[in-house]
Every structure is written in C-alpha cells, then in structure tokens.
Amino acid sequence: MKRTLSLLMAVLMLTAVVLTGCSSGGTTSGAASSSDASSASSKAESESSAAEGNDLLAQIKEKGTITVAMEGTWAPWTYHDADDNLVGYDVEVAQNIAEKLGVEVNFVEGEWDGLLAGLDDGRYDIMVNGVGVTEERAEKYNFSTPYAYNRTAVIVRGDYDEINSMEDLEGKTTANTISSTYATQAEAHGATVMGVDDLNQTIELLLSGRIDATLNAEVVFADYVKEHPEANIKIATFSDEVEKVAIPIRKGNDTATLLAAVNDALKEMSEDGTLTALSEKYFGTDISKE
C-alpha cells in the first residue's frame, strides 16, 4: 500500500514538472513572438522615417526654398531685361509653383547641358527652361504635365531659298545646343549640327553664312524679330509635330511627391487662367493649350 502511494505521488510530481515546463516554454515562445513583432514594427517605423527623410519635397519645404535651373539667355522663356532682372515665361511659372508649394525660389543659371547634368546630380530640384518632352528624355526623367506647346521653326537667312521642307535639311549644316530637341530633329532629317551655347551665337553664325539654318521654337523666332526688326532672317518651314513642353524631375521614389505637387500647381495655374495670362504676356498668344 505504501509502495503504491509512493508510486502515485511520484507520478503526480513528474506530471506537475512537465506541465510547468510546457507552460514556461509556451510563455517564452509567446514573449519571443511579441518581441519579433515589436522589432518588425520598429523596423517599419525606422524605414518610414528614413523614407520621409529622403523625400525631396519634404526637404524643400524644410529648407524653405526650391532650386530651379534655367539658362537665362533664351527669350521669352528665360532672359534678363534692360535692368538685368531675370524674367520670362518660365521664370514666372517657376515662381508660381514655388508660391503654391509655400517656399521661395532659388534660380540657378547655366548652359543647357550643364543644367541637365546638375539635375542628374541633385544640385537642382527641377529645371524650368522650355524643355521639350522626348522618348529619350522620358526614359531618364519624370516629366510634369505639359504647360506649353509650340511648333519648331526652321530659321534661315532672308535671302536663302534652299530649304522649303524638313526633308530639305538633308546635307545642310545647322546650329543648336547639342542635347536640345532641335538638334535631334535636325540630325533626324540628315543635317550636320554645330554645337552652340545660346540663341545669339546661333543667329551670328546664321547671318555670317557659317550655317544654313537653325531650328527653334516659333515663339522664340517671333520674340527675336520683335527685338531685332533689322535681322535678315525668316522661317523657311515648320515641323509637323507640336512639341510638348514640361518640367523634368529626376526619377526615384524620393521625387514622387514633388512631381505630384508640381502637377497640382500647374493644374491650378491652368484652371485659374494664370498660364494663359503669362503666355499672352510673353508670347502674344496662348501657348499653354495644344
């Protein structure tokens, strides 16, 4: 009888130890699970914070300025007036965008190719300089919705009659900034393109007979002739396509919110008539609509 009771007591004690071990193991497992969840949550919050820290729009608003690249030598898009003030259609478009973002605008002027390189390197937040949308550029940059449209004009000397269509550019020599859409169009039609820095240099080459033609926006030609009525130049022909002008922003997750904000600003400017008013002010016609 004593032996039976002893055996029963041993069994009960062993069962209690096992159950206690299972209970302890379960609690430990639950604690580990809770710890893992907490760790995952912290990691997600950390990643979210890091993402916010890299967000370009957030950075712009934090410092209170948006850096805008433009040439400053391409009237009426961006140029200097008689008092050396930076003015133009793109200047006021950029100022309006900055105002809607709640920040000041910091303009940085430079040559075309350098502006694109600076955009790539992150030295500039956006480039507002009559940039035409092309398939090649769209592979590299995210573009805003178009805020202007224009036709490409083939400009020649007043006494030059060898170009009457885009096809007549075959074998001719033109001049434009090398990475511009105008240079691309000229080369696509068989022309040899000479690289230049700005419009004034291009016209000098044209009038001196060193080039046969140059391609540029119809509205730029109109503005140049208005300022230089004595210039012996004319439009020989136009391109068939209407060029869409938009704002390039470097691609990446950190620029998505900035692109959306710029699009919202342009939409508001289109709906309230701001773009139309600026177009008529600088071009004498509304180029904000296709």
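Here, the structure is the one placed above.
Keep in mind that what you see is a predicted model, and the values were worked out from it rather than measured.

*Asks:* Lay out the overall build of the chain with the relevant residues and their values.
*Replies:* Helices and strands together make up the secondary structure of the chain, namely 10 helices and 12 strands. Burial statistics for the chain: of 290 residues in total, 42% are counted as buried. Contacts spanning at least 24 positions in sequence make up 69% of the contacts within the chain whose residues lie at least 6 apart.

*Asks:* Please set out the pattern of salt bridges residue by residue, giving values where relevant.
*Replies:* Inspection of every chain in the model, using the stated rule, returns 11 salt bridges. Asp125 is the partner of Lys63 in a salt bridge, and the nearest nitrogen-oxygen pair spans 3.8 Å. Of this pair, Lys63 sits in helix H2 (residues 56-63) while Asp125 sits in the loop between helix H4 (112-121) and strand E5 (126-127), and the two are 62 residues apart along the sequence. Its salt-bridge partner being Glu268, residue Lys100 comes within 3.1 Å of it at the nearest N-O pair. With Lys100 in helix H3 (residues 89-101) and Glu268 in helix H9 (residues 256-271), this residue pair connects regions lying 168 residues apart in the sequence. Given a relative accessible area of 42%, Glu268 falls into the partly exposed group.

*Asks:* So what's going on with H4? Which residues, and what values?
*Replies:* All of the buried residues in H4 are Trp112, Leu115, Leu116, Gly118 and Leu119. Down the axis, H4 shows its buried residues gathered within 160° of arc, on one side only. Against the buried residues of H4 lie strand E1 (65-70), strand E4 (104-109), E5, helix H5 (135-140), strand E6 (141-143) and strand E12 (248-250).

*Asks:* Hey, could you go over the side chain of Ser239 for me, with residue numbers and the actual values?
*Replies:* Mapped onto the fold, Ser239 is located in strand E11 (residues 233-245). Overall, the relative accessible area of 6% leaves Ser239 in the buried class. A polar side-chain atom of Ser239 sits 3.2 Å from the main-chain carbonyl oxygen of Glu241. Once residues lying within four places of it in the same chain are set aside, the contact partners of Ser239 are Arg151, Thr152, Met166 and Gln185.

*Asks:* Please set out the packing of H3 against helix H10 (residues 274-283) residue by residue, giving values where relevant.
*Replies:* Viewed as axis vectors pointing N to C, H3 and H10 meet at an angle of 155°, and their least axial separation amounts to 9 Å. Judged by the inter-axis angle, H3 sits roughly antiparallel to H10. Our pair here, H3 against H10, has a crossing hand that is right-handed. Between H3 and H10, the contacting residues are Tyr89, Glu92, Val93 and Asn96 on the first element and Thr274, Leu275, Leu278, Ser279, Lys281, Tyr282 and Phe283 on the second. Taken together, the residues that form the contact of H3 with H10 break down as six nonpolar, three polar and two charged.

*Asks:* Requested: an account of empty space enclosed by the protein, with residues and values cited.
*Replies:* One pass over the full model with this rule turns up two cavities of 30 Å³ or more. Of the pockets and cavities examined, the largest cavity occupies roughly 210 Å³. Residue lining of the largest cavity: 20 residues in total, with Glu71, Trp74, Thr177, Tyr182 and Asn216 positioned closest to the centre. Contributing elements (two or more residues each) for the lining of the largest cavity: helix H6 (181-188) and helix H7 (199-207). Taken together, the residues that form the lining of the largest cavity break down as six nonpolar, nine polar and five charged. In this structure, the second largest cavity encloses a volume near 30 Å³. Of all the elements in the fold, those that place two or more residues in the lining of the second largest cavity are H7 and helix H8 (218-227). Of all the elements, H8 adds the most residues to the lining of the second largest cavity, at three residues.

*Asks:* Report on the side chain of Arg250, specifying residues and quantitative values.
*Replies:* Structurally, the position occupied by Arg250 is in strand E12. Excluding anything up to four places from it in sequence, Arg250 contacts Leu56, Leu119, Asp120, Gly122, Tyr124, Tyr141 and Thr255.

*Asks:* An account of the sheet that holds strand E10 (residues 214-217) is requested, with residue identities and associated values reported.
*Replies:* Taken together, the three strands give an open sheet; going across it, the order is E10-E7-E11, and neighbouring strands pair in antiparallel fashion. In this open sheet, the two strands that pair with only one neighbour each are E10 and E11. Strand after strand, the sheet turns through a mean of 25° between neighbouring axes, direction not considered. Of the strands in this sheet, strand E7 (148-157), E10 and E11 touch H6, which is tilted by about 135° from E10.

Here is what the cut-offs are and how they apply
Residues numbered from 1 in each chain as written. Predicted model: local features only at pLDDT ≥ 70, side-chain atom pairs only at ≥ 80, totals over all residues. Heavy atoms only, no water. Helix = DSSP H or I, 4+ residues; strand = E, 2+ residues; numbered from the N terminus. Buried < 20%, exposed > 50% of the residue type's maximum accessible area, 1.4 Å probe, protein only. Contact = heavy atoms within 4.5 Å. Salt bridge = Lys/Arg side-chain N within 4 Å of Asp/Glu carboxyl O. Arc of directions from axis to C-beta. Polar contact = N/O pair within 3.5 Å; in protein donor to acceptor, adjacent residues only side chain to side chain. Axes fitted to C-alpha atoms, helices over the stretch in contact; angles between N-to-C directions. Parallel < 35°, antiparallel > 145°, perpendicular 65-115°, else oblique. Left-handed = near helix turned anticlockwise from the far one by under 90°. Nonpolar A, V, L, I, M, F, W, Y, C, P; charged D, E, K, R; others polar. 1 Å grid on protein atoms, 1.4 Å probe; cavity = no way out; pocket = protein on both sides within 12 Å on 5 of 7 lines; lining within 4 Å. Points joined across faces, edges and corners; volume = space filled by probe spheres on them. Pairing = 2+ DSSP bridges.

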